[in-house]
Structures are given as structure tokens and as C-alpha cells.
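Structural features, examined
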Amino acid sequence: MTVVARDAAGLLAAAGSGGWILCLADGVEAEDGAFGAWQGDSGVRVLAGLVVDADGEIVERWLPRGPEDDPAGVIAAAQRRTMPLRRFTLAHTLVHADVVARHGVPDSAAFGPHAEEVWSDRVMRAEAGLFVPGAIAHVAEVQAPAARASLPQTLRAARADAWSRGEVVRHLWSGLAARR
Amino acid sequence: VVVTRDRRDLLAGCLERLQGQHHPPDEIVVVDNQSSDGTADMVRERFPDVVLLSLAENVGGAGGFHAGMQAAHDLGHEWLWLMDDDSFPEPDALAALLDGDRRAPPGDPPLVLASQVRWKDGRLHPMNPPWFAWRRRAEMAEGIAAGLLLLRHTTFVSVLIRRAAVDRYGLPLAHYFIWTDDFEYTGRVLRENRGYLVPESVCLHWTPKPHSPVTGTGERFYYFVRNSLLLMRGSSLTTIERAHYARMAAGMTVEFLRNNRWDATARRTIVRGVRDGLRDAVR
């Protein structure tokens, strides 16, 4: 059985189900059976899919990140039309309840809009996960991010070790530039 | 297009593998960089159908690929398959590359298709790592959905270059002599076009050791230093890529110096490379 969660609270509430939790951002609707046989892949605990807008364009900010430092792993996964996950968003992602039991849920109070990045980075250091671009969800209208991160939230995220040095610089720069 | 110099036996092994492809190439062009070990005679005797281009002087790998691609382009071929004489493509390597073209996502056709390059023991060869276009995230995702990996750069070890790339971007820069010429050329072509690594296509790079430019290269490291500077002064990298490349090249230079215990020859090699890299014309 798969339970649908629309936010961190829903994810936490669904953790007791013991099965797969389909995380979807507001307005996102997944195609039936999008992840298909991948749910039976042994050991895999996170499956991330694509979200496309009304024009059929991929929503880039909801795409997961791959392991840029592991080309051999990326090549092996590509033969199965997948990619190992390094970080993911909860816009269209299947998360096993075990993951929530072991790693909790994204902490929006501490990290603001960076919460999913920080949490998913922690999850993927311990769990196996795949990006399955053949799994597609649709959204009629992509909402802008609800809130901008505060400087303390960005600094906390930077210290959480989820970002590369370049990403830290970029996030701090964009945070400071937005405040001018 | 196979570029060779004084490695007759390796070249023979490479040509046997090319002729044994499940989808054999229409024509094979061997560029002989003034070999003195009987390479040309061996090619004429054992591989009479091969087009042999004997150069009057050794122009390095860069000059060899420049000449070979020009010849293959003049012969009218749609795809140019490039490799060194120590490249041993697996029997379905070319068929897999061409299948990659067939299943590429819709849009402009890919200009570059590359094999994964492995050493004898099966690991990815450190001299030929694939550089994926991670920043082009949506295109990368589309590629993965088709079982292909979007490339930003690749090396001239089992890579297919579409004729249109030569028409639009010319040939590799011959004055690089060795190293970085392939990174520069594919970077130039792929900056605004698509190219993919096709995972099912595998080529073994039969070097004695799984070396990279910083290990066991001696004074030839000069070309890495000089060409890296020429590359950064040229047009194949974006500003951010230049910064990343500079950091990577600096790290490799320090590693080279460490490997050589900071001796005077190694230091002179670097100084010459920096001097010429800053002074020579980018072209």
C-alpha cells in the first residue's frame, strides 16, 4: 500500500504505515504506477521521479542531484535508465517508511527552504536511492518557493555539510544579494 | 580514425578489433606519425583496405587527429570514430554508439557519442574520465530516461564525432601536440550542443599502467601545463568552468611536483609550460 504525503507533517504521519509513502508537492499529480517495478528493487528505499509542467517541460528545481564524484556508479545505473541519488526534493518522490523512522523528516524550522536538501543529503549518506526519470508526475502551475531562507537558516544548512563549497558560496551570495 | 606512432603490435590489435566489429566501420583511416618501427609496412601488408596517411613529421596526437579527421571528412563520412592505437573497442562498441544516436531524446541530433573507457582490470581509465554536463539538469534527466549520459567533455578514445561538428567547429587544434586537445575540442562542440556517453559501448584503453597526466609522464607534463593555459584562454569553457578547471589543473600540477619530489627538472617543466601557455597564441 502507498500513502500520499503533501508535506513534512504528512510524511511523519504516514511513517506508521510501514510501506511506501508517495511525497508530492502541492498541485503535483503522479501517473499511476509511475515507479512500477522499481519499488521491488532490493535495498532501494528512495525513488525520485520527474515533474513536468503543462507545456511538458521538466521542472528543473525539483530535479534530484546525482553523485558527481562517482562516474562508474552513474554509468552503471544509466544502463537501467536510472541514476543514483545524492539529494532529492519531495516534489515527486517515493520514500519508504523505514527512512522516516531512521532519519526523521525535513526540519523546516531550522533550515527553512533548504530543509529538504539537508535532510535528503543525510538520508542518502545512509540509504540507497534512485532517480527514475521514466516516472512522471504533472503539475498545472509551478508555484514559486513559499519563503526565502533567513541568514541563520542558510548558515545552519551550510554547516550541515550538505553543500559543496561552490554551493555554499552561491547560497550565501544569493541570500545576501536578495537582502540588498 | 586511428592515430599511431611506433606501436605496431598495438595498432595491429586495434585494427583487428575494428574489423571485427558487429557493425564494422565503412572505412578505416590510420594516421602514422612518422613511425620508425615498420608500422606503415605492417598496415599495407596485413590491412590493405585501410587508408594509410603517413605524415612527414611527428605532429603528436593533436596533429594526428587534426589530419585524420580532415581526411575522413574529405572522404564524405557522416560519423568520424576517433581513437589511439592502444584503444581496443569491444565487438559491439560501434553498434552501441550508433544505437545511442537512434534513441537520443528528440531535438537537435547529438554531435558527439562516446564509449565508456576502461583499463585492463575493468575500472574506468583515469586518463579518460567522462565529464558529464551536470549543470544542464533537465537535458541530463532526458538523457538518462533514454539510457544516455549528457557529456560536457570527453577524450579521443572511442568517440564518434558527427560530420556537422567539423563543418561548424572545425578540427582539433594541432598545435596542442598532445593532451587536452580532445578536452578542448569536445568542450568547444558541446558547449551549445548535445553529446552523450553510451554506457553499452565499451572500449579498453590498453596502457601499461592506469596512468593519468600526473603519473609517470616526466617532461611531457609540459604539454598539460601549456595546453591548460591555452584552453583557459580559449572559447571552449564558460567563466565558471574556467574557475573549476584552474583549480583542478593547479591540483594536478602540485601532485606532479610531489610525485617528482619537487626536483629541478619538474620545476623547469612547469615554468616552461606556464611561460608558453601565457605567451603562445590561442588560435
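Note that this is a predicted model, so its numbers are computed, not measured.

Some words on the overall build of chain B
Of regular secondary structure, chain B possesses 10 helices and 10 strands. Whereas a compact globule of 283 residues would reach a radius of gyration of roughly 19 Å, chain B reaches 18 Å, a difference of no more than 12%. The principal-axis extent of the C-alpha atoms belonging to chain B is close to 50 × 50 × 35 Å. Evaluated residue by residue, chain B yields a buried proportion of 57% over its 283 residues. Counting contacts in chain B only where the partners sit at least 6 residues apart, residues at least 24 apart contribute 77% of the total. Across chain B, the 35 positively charged side chains and the 36 negatively charged ones have centroids separated by 9 Å.

Some details on the interface of chain B and chain A
Listed as interface residues are 19 residues of chain B and, on the opposing side, 20 residues of chain A. Approximately 1,800 Å² of surface area, both sides summed, lies buried where chain B meets chain A, with 68% of it carried by carbon and sulfur atoms. Looking only at chain B, the three residues that lose the most surface to chain A are Trp-134, Arg-137 and Ile-144 of chain B, adding up to 39% of its buried area. If you look at where chain B meets chain A, you find 1 salt bridge. Ionic pairing is found between Glu-68 of chain A and Arg-135 of chain B, a salt bridge with its closest N-O pair at 3.4 Å. A per-element tally of the side of chain B that touches chain A places helix α5 (residues 137-145) of chain B first, with 6 residues.

A few points about the state of the cysteines
Residue and element names in this part refer to chain B. Under the criterion given, the structure shown has 0 disulfides over all chains. Here Cys-14 stays free of any disulfide, with the sulfur of Cys-203 as its closest cysteine sulfur at 7.6 Å. By relative accessible area, which is 0% here, Cys-203 ends up buried.

A short note on the nonpolar core
Judged by nonpolar contacts, the single largest core of 91 residues is most densely connected at Leu-11 and Phe-88 of chain A together with Leu-15, Leu-82, Phe-132, Leu-149 and Ile-161 of chain B. When neighbours within four sequence positions are excluded, Leu-11 of chain A is seen to be in contact with Ala-5, Ile-21, Cys-23, Leu-90, Val-100, Val-105, Pro-106 and Trp-119 of chain A. The next biggest cluster of nonpolar side chains, apart from the first, holds 23 residues, and it includes Val-214, Leu-230, Leu-237 and Met-252 of chain B.

Topic: the packing of aromatic side chains
All names here are of chain B. What the rule picks out here adds up to 11 aromatic pairs over all chains. When the centroid spacing of 4.0 Å and the interplanar angle of 10 degrees are considered together, the rings of Phe-221 and Phe-256 count as stacked. Taken together, the residues Phe-221 in helix α8 (residues 221-233) and Phe-256 in helix α9 (residues 239-259) connect sequence positions 35 residues apart. Accessibility assignment for this pair places Phe-221 and Phe-256 in one class, buried. Of the aromatic side chains, those joined through ring pairs into one cluster are Phe-65, Phe-156 and Tyr-185.

Some words on helix α3 (residues 60-74) of chain B
All names here are of chain B. For α3, with 15 residues, the first-to-last C-alpha span of 21 Å sits near the 21 Å given by 1.5 Å per residue. Summarising burial for α3: 12 of the 15 residues are buried, a large majority. For α3, every residue scored as buried is listed here: Gly-60, Gly-61, Ala-62, Gly-63, Gly-64, Phe-65, Ala-67, Gly-68, Met-69, Ala-71, Ala-72 and His-73. Count one or two residues on from α3 and you reach Gly-76, which has phi positive near 90 degrees.

Some words on unusual backbone geometry
In this model, Arg-81 of chain A sits at a positive phi of 60 degrees, which is unusual for a non-glycine residue. With respect to the element layout, Arg-81 of chain A can be found in the loop between α2 (71-78) and β5 (83-84). Taking the relative accessible area as the measure of exposure, Arg-81 of chain A reaches 40% and is therefore partly exposed. Although it is not a glycine, Thr-180 of chain B sits at a positive phi angle of roughly 75 degrees. With respect to the helices and strands, Thr-180 of chain B occurs in the loop between α6 (163-169) and α7 (181-190). Residue Thr-180 of chain B is classed as buried on the basis of its relative accessible area, which comes to 8%.

Side note on the packing of α8 of chain B against α9 of chain B
Residue and element names in this part refer to chain B. Running from N to C, α8 and α9 point in directions that differ by 165 degrees, and their axes come no closer than 11 Å. It follows from the interaxial angle that α8 and α9 lie roughly antiparallel. By crossing handedness, the relation of α8 to α9 is classed as left-handed. Two secondary-structure elements touch here, α8 through Phe-221, Phe-224, Val-225, Ser-228, Leu-231 and Met-232 and α9 through Arg-242, Tyr-245, Ala-246, Ala-249, Met-252, Thr-253 and Phe-256. Each residue belonging to the contact of α8 with α9 can be placed in one class, and the counts come to 10 nonpolar, 2 polar and 1 charged.

Parameters and conventions
Residues numbered from 1 in each chain as written. Chains lettered and ligands numbered in written order. Predicted model: local features only at pLDDT ≥ 70, side-chain atom pairs only at ≥ 80, totals over all residues. Heavy atoms only, no water. Helix = DSSP H or I, 4+ residues; strand = E, 2+ residues; numbered from the N terminus. Rg over C-alpha atoms; globule rule 2.2 N^0.38 Å. Buried < 20%, exposed > 50% of the residue type's maximum accessible area, 1.4 Å probe, protein only. Contact = heavy atoms within 4.5 Å. Lys, Arg positive; Asp, Glu negative; His and termini not counted. Charge placed at Lys NZ, Arg CZ, Asp CG, Glu CD. Buried area = accessible area lost by both parts, 1.4 Å probe. Salt bridge = Lys/Arg side-chain N within 4 Å of Asp/Glu carboxyl O. Disulfide = S-S within 2.5 Å. Core = buried A, V, L, I, M, F, W, Y, C linked by side-chain atoms within 4.5 Å. Phe/Tyr/Trp six-rings, centres within 6.5 Å; stacked < 30°, edge-to-face > 60°. Expected span 1.5 Å × (residues − 1). Axes fitted to C-alpha atoms, helices over the stretch in contact; angles between N-to-C directions. Parallel < 35°, antiparallel > 145°, perpendicular 65-115°, else oblique. Left-handed = near helix turned anticlockwise from the far one by under 90°. Nonpolar A, V, L, I, M, F, W, Y, C, P; charged D, E, K, R; others polar.

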